[in-house]
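Take a look at the letters that make up each chain.
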Amino acid sequence: MTLFALTRAVSPSLAECELTHLAREPIDIPRAVEQHAAYETLLGDLGATVVRVPPAPALPDAVFIEDTAIVLDEVAVITRPGAVVRRAELEGVAAALGSYRPLVSLTAPATLDGGDVFRAGQRLYVGRSSRTNDEGIEQLRRATEPYGMQVIAVEFQGCLHLKSAVTTVADDVLLVNPDWVSAACFRGFDCIAVDPREPHGANILRVGASLVYSSAYPRTAEVLGRHGFVVSTVDCSELVKAEGAVTCCSLVFNHFPAHY
Ligand code: CIR
């Protein structure tokens, strides 16, 4: 079994990215490239084999590869991003993922961004958002139910994607911004709240048994530490200006070559 992390280079056009909740500000592209390289190095240090999908320099948001697919053990669901311009990212990602999984593609009128989906055991929580519509949720349900997954729609507010508001720290533990999503949506989980001064701190990436977290949220990192969770931090200040975070820059999955 190998742990893979698919990534995609920062595009020179990143400054023309889609923005929903943030005001546009200058992005230092060389710095973003450096930060992304450090992120890839960290994923490698944590045991992942990093595979770079061929770059797409003309697609500003291509670095945010998480939005293009939901990868389960048995299948990869190629999404249909809510931002029309981002659909051009799919072809390259599907070509790469096809080496590891059978593929299923969402079709119109479905829209769904991978950033709206997180997995906890056999449950897929899906945020209903400006990027993810009911048809997207329904098609994800049909694509994944055969593999024992239960799809649960979740309402949230205040941020772009569900995973800006909540992610998993462990199978039964969530990191949540309670102002953006109600912990009541997640019965049976222990919920750790972000420090109120760090509203964007609910996005954390699991890589095997390790946790990758932004260095911008030291207070929440301390809270996590009190709960026994140790994080490895990266600086993603430039990617944050494009409304990205740690989960959105990779697709992390196990691969069992004998199975496919
Ligand atoms: C967008 O608006 O689509 C990009 N600028 C940011 C996407 C971030 N993706 C994610 O958090 N999963």
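All of these numbers come straight from a predicted model, not from anything done at the bench.

Caption draft 1: A look at the overall build of the protein chain. Scanning the protein chain for helices and strands turns up six helices and 15 strands. Against the globule reference of 18 Å for 260 residues, the protein chain gives a C-alpha radius of gyration of 17 Å, in line with a compact fold. Over its C-alpha atoms, taken along the principal directions, the protein chain stretches across nearly 45 × 40 × 35 Å. For the protein chain, with 260 residues in total, the buried portion stands at 53%. Taking as baseline every contact in the protein chain between residues at least 6 positions apart, the subset at least 24 positions apart corresponds to 69%. Accessible surface for the protein chain amounts to roughly 11,000 Å². Of this, 53% is attributable to carbon and sulfur atoms.

Caption draft 2: Layout of the pattern of salt bridges. The full count for this structure, using the stated rule, is 17 salt bridges. Across the salt bridge formed by Arg31 and Glu238, the nearest N and O atoms sit 3.2 Å from each other. Taken as a pair, Arg31 in helix H1 (residues 29-45) and Glu238 in helix H6 (residues 237-241) lie far apart in primary sequence, 207 residues in all. Where Asp113 meets Arg131, a salt bridge forms, and the shortest distance between an N and an O atom there is 3.1 Å. On the criterion of sequence distance, the pair formed by Asp113 in the loop between strand E5 (103-105) and strand E6 (117-120) and Arg131 in the loop between strand E7 (123-128) and helix H3 (134-144) is long-range, its members being 18 residues apart. For the residue pair Asp113 and Arg131, the accessibility class agrees, reading buried in each case. In this structure, a network of salt bridges that share partners links the residues Arg31, Asp235, Glu238 and Lys241.

Caption draft 3: Spatial organisation of the sheet that holds strand E4 (residues 76-78). Spatially, three strands are ordered E3-E4-E5 in an open sheet, and the strand pairing comes out mixed. One side of each edge strand has no neighbouring strand; the edge strands of this open sheet are strand E3 (69-71) and E5. Pairwise comparison of adjacent strand axes, ignoring direction, gives a mean angle of 20° for this sheet. Sheet topology note: the E3/E4 ladder contains three bridges and is antiparallel. Bridge pairing in E4 links Ile70 to Val77. The strands touched by helix H2 (residues 90-97) within the sheet are E3, E4 and E5, with E4 carrying the most contacts at an inclination of about 165°.

Caption draft 4: Unusual backbone geometry, seen in detail. Here the bond from Ala108 into Pro109 is cis, since omega is 10°, no more than 30 degrees from zero. Structurally, Pro109 is set in the loop between E5 and E6.

Caption draft 5: Region of interest: the sheet that holds strand E12 (residues 205-207). In space, the three strands of this open sheet follow the order E12-E13-E14, with mixed pairing throughout. The open sheet terminates on both sides in strands that have one partner only, identified here as E12 and strand E14 (232-234). Strand-to-strand twist across the sheet, computed as the mean angle between neighbouring axes with direction ignored, equals 30°. Here three bridges tie strand E13 (residues 210-214) to E14, and the two strands are oriented parallel to one another. Bridging from a neighbouring strand, Ser214 pairs with Val234 of E14. Against the sheet, H1 contacts E12, E13 and E14, and its axis sits at roughly 165° relative to E14.

Caption draft 6: Up close: the site of the ligand. Around the ligand sit 14 residues, and of these Glu18, Asp61, Glu66, Asp67 and Ala242 come closest. At 2.8 Å, a side-chain N or O of Arg86 approaches an oxygen atom of the ligand. Within the backbone of Ala242, one N or O atom sits 2.7 Å away from a nitrogen atom of the ligand. Protein contact buries 98% of the 350 Å² of open area that the ligand shows by itself. Here the shell around the ligand is composed, by residue class, of five nonpolar, two polar and seven charged.

Caption draft 7: Fine view of H1. In this model, H1 (17 residues) spans 24 Å end to end at C-alpha, consistent with the 24 Å of a helix rising 1.5 Å per residue. Within H1 the residues assigned to the buried category are Ile29, Ala32, Gln35, His36, Tyr39, Glu40, Leu42 and Leu43. Across the axial projection of H1, the buried residues extend over an arc of 160°, all falling on one side. Residues of H1 that are exposed and point over 90 degrees away from its buried face: Pro30, Glu34 and Asp45. Of the surrounding secondary structure, the elements contacted by the buried residues of H1 are strand E1 (2-8), strand E2 (49-53), E12, E13, E14 and H6. For H1, the N-terminal cap is Asp28; the gap from its side-chain oxygen to the backbone nitrogen of Arg31 is 3.1 Å. Of the residues trailing H1, Gly47 is marked for its positive phi of about 110°.

Calculation rules
- Residues numbered from 1 in each chain as written.
- Predicted model: local features only at pLDDT ≥ 70, side-chain atom pairs only at ≥ 80, totals over all residues.
- Heavy atoms only, no water.
- Helix = DSSP H or I, 4+ residues; strand = E, 2+ residues; numbered from the N terminus.
- Rg over C-alpha atoms; globule rule 2.2 N^0.38 Å.
- Buried < 20%, exposed > 50% of the residue type's maximum accessible area, 1.4 Å probe, protein only.
- Contact = heavy atoms within 4.5 Å.
- Areas by Shrake-Rupley, 256 points an atom, 1.4 Å probe, with all protein chains shown as cover.
- Salt bridge = Lys/Arg side-chain N within 4 Å of Asp/Glu carboxyl O.
- Pairing = 2+ DSSP bridges.
- Axes fitted to C-alpha atoms, helices over the stretch in contact; angles between N-to-C directions.
- Near = heavy atom within 4 Å.
- Polar contact = N/O pair within 3.5 Å; in protein donor to acceptor, adjacent residues only side chain to side chain.
- Nonpolar A, V, L, I, M, F, W, Y, C, P; charged D, E, K, R; others polar.
- Expected span 1.5 Å × (residues − 1).
- Arc of directions from axis to C-beta.

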